[in-house]
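# Architecture and fold: a report
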Amino acid sequence: MRQRSSRTAQALAALPWIGPTLVLIAAIVAFPVAYMMWTSTRDLSPYGQDRGPAGLDNYRALFDIQELGGILVHTVIWVVAVVGITLLLSAGLAQFLNKDFPGRTAVRLAILVPWAASVVMTTTIFYYMLDPDVGIANRFLVDIGLLDRGYGFTKQPTQAFIVAIVVGIFVSIPFTTYTILAGLQSIPAEIVEAGRVDGAGSWQRYWHLILPQLRPAIAVATIINIINAFNSLPILQVITGSIAGFEADTTTTLTFKLIRQNQQVDTAAAMSVLNFVLIMVIIAIYVKLIRPTRQVDA
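None of the values given here were measured: they were computed from a predicted structure.

### Here we look at the pattern of salt bridges
Applying the stated criterion across every chain, the model contains five salt bridges. The shortest N-O distance in the salt bridge between arginine 42 and aspartate 50 comes to 3.0 Å. A relative accessible area of 17% places arginine 42 in the buried class. Its relative accessible area of 33% is what places aspartate 50 among the partly exposed residues. The salt bridge partner of arginine 51 is aspartate 43, with a shortest N-O separation of 3.3 Å. By relative accessible area, aspartate 43 is classed as partly exposed at 26%.

Next up, the structure:
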């Protein structure tokens, strides 16, 4: 009983310090989520006018979409490909940037360019570079003889989806690289040196000594990249937005199409709730499996 009272007193004592944070979380996270869920149960006009309760009708309409299963598969492929390949490339790049070589500062600054630039602008550049008629990339492939004529990389669903993945990886690498690089620079040199003295090879030192120490940095990069990739509308909209049908769509672009093309605002609200649930489940599974906060033996 005394222990419980002591914990209560400690919590009340900390409230003035954490109170503003709790209010901020409630204002920018809890309230929007609750309002989104409430909206998904309303009958909304194409202009967003609330016409009364709809129960679960919006969710029924959502699951009646025949292409929904394929769109969910596209979403998984999109997130796994962008996040997974980004992590692999960024880990190698961070390892390279952690070494001392002439011009390292300039290279590090150059890595930031795709992150500093507008995602829409970067994606638009890729889109026009691959245009079959005026794209410089297509022209180059024709000039060197790899293509007989310009190819519509962004005109077919599968090819356009692959291009979108490439762009997603390109704009995700800077943040991920710097996050892993920060993790590398926080590892004591004594740990790596001890492995070298014990006769461990380069790969053994990286796998058994460096990589476990990078778990927190990789976890942060992975979770943020999952959220960014899952909710990424600009890249997919620019690259695949003009393609008819749903063969290159994810759940995020489906939400956009439900609002803009079909004017089904209420169904889009239900899709937003499903998106939120899916991303929470994905992150929970990742944290459960990886356990990024687990202590690492030095």
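### Structural notes on unusual backbone geometry
Most peptide bonds take the trans configuration, and most residues that are not glycine carry a negative phi. At glutamine 263, a position not held by glycine, the phi torsion is positive, near 55°. Inspection of the secondary structure puts glutamine 263 in the loop between helix 13 (251-260) and helix 14 (265-290).

### Structural notes on the confidence of the model for the protein
Confidence along the protein averages 84 in pLDDT terms, with 91% of residues attaining 70 or more. The secondary-structure element of the protein with the lowest mean pLDDT is helix 9 (residues 189-197), recorded at 72, while helix 3 (residues 68-97) shows the highest, at 93.

### Notes on the nonpolar core
Trp78 and Ile165 are the most contacted members of the largest nonpolar core, which totals 30 residues. Within the residue set of this core, elements represented by two or more residues are helix 3, helix 6 (119-129), helix 8 (157-185), helix 11 (215-230), helix 12 (234-240) and helix 14. The leading source of residues in this core is helix 8, at ten residues. Ranked by size, the runner-up nonpolar core spans 13 residues in total, among them Ala91, Tyr206, Ile210 and Leu214.

### A short note on the pairing of strand 2 (residues 50-53)
Pairing analysis gives two bridges linking strand 1 (residues 42-44) to strand 2, with the strands arranged antiparallel. When the bridges of strand 2 are listed, leucine 44 appears paired with aspartate 50. In sequence, strand 1 turns back onto strand 2 through a hairpin of five residues, with glycine 48 there showing a positive phi of about 90°.

### Some thoughts on the packing of aromatic side chains
Aromatic rings considered in pairs are described by the distance between their centres and by the relative angle of their planes. Enumeration over the complete set of coordinates arrives at eight aromatic pairs. For the pair tryptophan 78 and phenylalanine 161, a centre-to-centre distance of 6.2 Å together with 50° between the ring planes defines the contact as tilted. Of the two residues, tryptophan 78 sits in helix 3 while phenylalanine 161 sits in helix 8, which places them 83 residues apart along the sequence. In this structure, tryptophan 78 and phenylalanine 161 share a single accessibility class: buried. Judged by centre distance (4.6 Å) and plane angle (25°), the ring pair of phenylalanine 96 and phenylalanine 101 falls under stacked. Aromatic rings pair up to connect Phe31, Tyr35 and Trp38 into one cluster.

### Considering a nonpolar patch on the surface
Taken together, Trp17, Ile18, Leu22, Leu24, Ile25, Ile28 and Val29 make up a surface patch of nonpolar side chains, about 750 Å² in accessible area. Looking at the element boundaries, valine 29 is found in helix 1 (residues 2-39).

### Focus on the environment of threonine 122
Relative to the assigned elements, threonine 122 resides in helix 6. Separated by 74 residues in the primary sequence, threonine 122 and arginine 196 have C-alpha atoms spaced 43 Å apart. The residues contacting threonine 122, other than those within four sequence positions of it, are Pro114, Ala117, Phe170 and Val171.

About the criteria used
Residues numbered from 1 in each chain as written. Predicted model: local features only at pLDDT ≥ 70, side-chain atom pairs only at ≥ 80, totals over all residues. Heavy atoms only, no water. Salt bridge = Lys/Arg side-chain N within 4 Å of Asp/Glu carboxyl O. Buried < 20%, exposed > 50% of the residue type's maximum accessible area, 1.4 Å probe, protein only. Helix = DSSP H or I, 4+ residues; strand = E, 2+ residues; numbered from the N terminus. pLDDT = per-residue confidence, 0-100. Core = buried A, V, L, I, M, F, W, Y, C linked by side-chain atoms within 4.5 Å. Pairing = 2+ DSSP bridges. Phe/Tyr/Trp six-rings, centres within 6.5 Å; stacked < 30°, edge-to-face > 60°. Patch = residues over 30% accessible without salt bridge, like charges linked within 9 Å, V, L, I, M, F, W, Y side chains within 5 Å. Areas by Shrake-Rupley, 256 points an atom, 1.4 Å probe, with all protein chains shown as cover. Contact = heavy atoms within 4.5 Å.

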